[in-house]
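These are the residues of each chain, in order.
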Amino acid sequence: MKVAELYPRVFLENKRQTVFARLHVDAEIEIKFQPMEAYSIPHGNPPALDEEARYPYLPMQRLGEGLYSVEYDFPVGGRYTVHIRNQSEKIYRGYLFAIDEKLAELRPFKGETHCHTNRSDGVNEPYELMLRYFAEGFDFAAVTDHYKYAPSVEAREAMRPLTGLFTVLTGEEIHNKPHGYFHSVNLCGEYSVNDFIEENAEYVRIEADRIKRERSFPEGVNPDTAAYRIFIAEQIKRAGGVSILAHPFWEAYGEYNMERRELEYHLTHGVFDALELFAGNDNTGNGDNLEIALW
């Protein structure tokens, strides 16, 4: 016997609600809910634990056509382990969640803040890529091509007919190869910081020198690369954008994308607005793990 479906998956805490289960056959069914964050394992020497006795099974009501229900008041927020049995045979083990009302009132948005089109090293036209995200149920996406801001504007204009259903955010990925191999994302900026840097080389040099004079960098942090990266973050904010420190543990040319000590300096001094924790080009997952651990 298999449980085909258990729903809903998320409930309000401290409120009586109905849980439904759909089975493939008709039978006498019982269910129990075990709050994972309400620690209640008894201690003893030697420890004695009767797993089945700690939380009671509740009979589920038959509604016909393989559908069952039970009313339950989730006493605490968090994840619950759900057990379903037919007489003594366990036929299902899964999870449900309970949250408070304030959290339930919030609407989660699904989005992408770093992707590339065929205007840099991607495959699709800007509008094609945005249509793919829309088709997959995303609420928004930002085009952030290497060195290029214009593709994001192009994508936004092409997707205007879907306004209200899907949002295209402007963006670009900024490099600073002459000052260290490092990437950052300008998200929602009103203009291209890449273009600004290319068109104002002397101003960039003067500002980088100013930052080096104003800041004291710890041992192991290169003042030249650090100052330039701070300059980039400042320019993104002046453009009205959100500065994202992109994939610092991405493997570039056999090494990580950014030096550890300088990375820690930028994060602890609030240089960037956000740290990218997941990178789609991380095939091993090692970089993602390091970014999450560092965060």
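Provided above is the structure to which this section pertains.
Not measured: the values here are computed from a predicted model.

## Some thoughts on helix H8 (residues 260-268)
Phase 1: Listed in full, the buried residues belonging to H8 are Glu262, Leu263, Tyr265 and His266. Viewed end-on, H8 has its buried residues packed into an arc of 160°, placing them on one side of the element. Across H8 from its buried face, at more than 90 degrees, point the exposed residues Arg261 and Thr268.
Phase 2: Looking at the buried residues of H8, the elements they touch are helix H7 (223-238), strand E15 (242-245) and helix H9 (286-294).

## Section: helix H6 (residues 201-214)
Because each turn of an α-helix spans 3.6 residues, side chains separated by three or four positions end up pointing in the same direction.
Phase 1: With 14 residues, H6 should cover 20 Å at 1.5 Å per step; its first-to-last C-alpha distance of 20 Å lies within 8% of that length.
Phase 2: Structurally, H6 contributes buried residues whose contacts are with helix H5 (193-199) and H7.

## Thoughts on the sheet that holds strand E18 (residues 274-275)
Phase 1: Taken in spatial order, the four strands line up as E13-E14-E15-E18 in an open sheet, and their pairing is mixed. Of all the strands in the sheet, just strand E13 (171-175) and E18 have a single pairing partner and so form its edges.
Phase 2: The pairing of E15 with E18 spans two bridges and is parallel. Across the sheet, Leu245 pairs through a bridge with Leu275, a residue of E18.

## Side note on the state of the cysteines
Phase 1: Considering all chains together, one arrives at zero disulfides under this definition.
Phase 2: Among the cysteines around Cys115, which has no disulfide bond, Cys188 carries the closest sulfur, lying 12 Å off.

## Considering the sheet that holds strand E12 (residues 167-169)
Phase 1: Strands sit in the order E10-E11-E12 across an open sheet of three strands; the sheet is parallel. In this open sheet, the two edge strands, each paired with only one partner strand, are strand E10 (111-115) and E12. Between one strand axis and the next, the sheet turns by 20° as a mean value, whatever way the strands run.
Phase 2: Examined bridge by bridge, strand E11 (residues 140-143) and E12 share three bridges and lie parallel to one another. Bridged to Ala142 within E12 is Leu169.
Phase 3: The sheet strands contacting helix H3 (residues 126-135) are E10, E11 and E12, and the helix crosses E10 at an angle near 150°.

## Some words on the pattern of salt bridges
Phase 1: Taken as a whole, this structure holds 19 salt bridges when the rule is applied.
Phase 2: Across the salt bridge formed by Arg85 and Glu30, the nearest N and O atoms sit 2.8 Å from each other. You can see Arg85 sitting in strand E8 (residues 78-86) and its partner Glu30 sitting in strand E4 (residues 29-35), a full 55 residues away along the chain.
Phase 3: Its relative accessible area of 24% is what places Glu30 among the partly exposed residues.
Phase 4: The residue Glu214 makes a salt bridge to Arg210 at a minimum N-O spacing of 2.9 Å. Of this pair, Glu214 and Arg210 are both found in helix H6, four residues apart, which corresponds to roughly one turn of the helix.
Phase 5: A residue is classified by how much of its surface remains accessible, and Glu214, at 56% relative accessible area, is exposed.
Phase 6: Owing to a relative accessible area of 17%, Arg210 belongs among the buried residues under this scheme.
Phase 7: The structure contains a network of salt bridges with shared partners spanning Glu202, Arg205, Asp209, Lys212 and Asp224.

Criteria and cut-off values
Residues numbered from 1 in each chain as written. Predicted model: local features only at pLDDT ≥ 70, side-chain atom pairs only at ≥ 80, totals over all residues. Heavy atoms only, no water. Buried < 20%, exposed > 50% of the residue type's maximum accessible area, 1.4 Å probe, protein only. Helix = DSSP H or I, 4+ residues; strand = E, 2+ residues; numbered from the N terminus. Arc of directions from axis to C-beta. Contact = heavy atoms within 4.5 Å. Expected span 1.5 Å × (residues − 1). Pairing = 2+ DSSP bridges. Disulfide = S-S within 2.5 Å. Axes fitted to C-alpha atoms, helices over the stretch in contact; angles between N-to-C directions. Salt bridge = Lys/Arg side-chain N within 4 Å of Asp/Glu carboxyl O.

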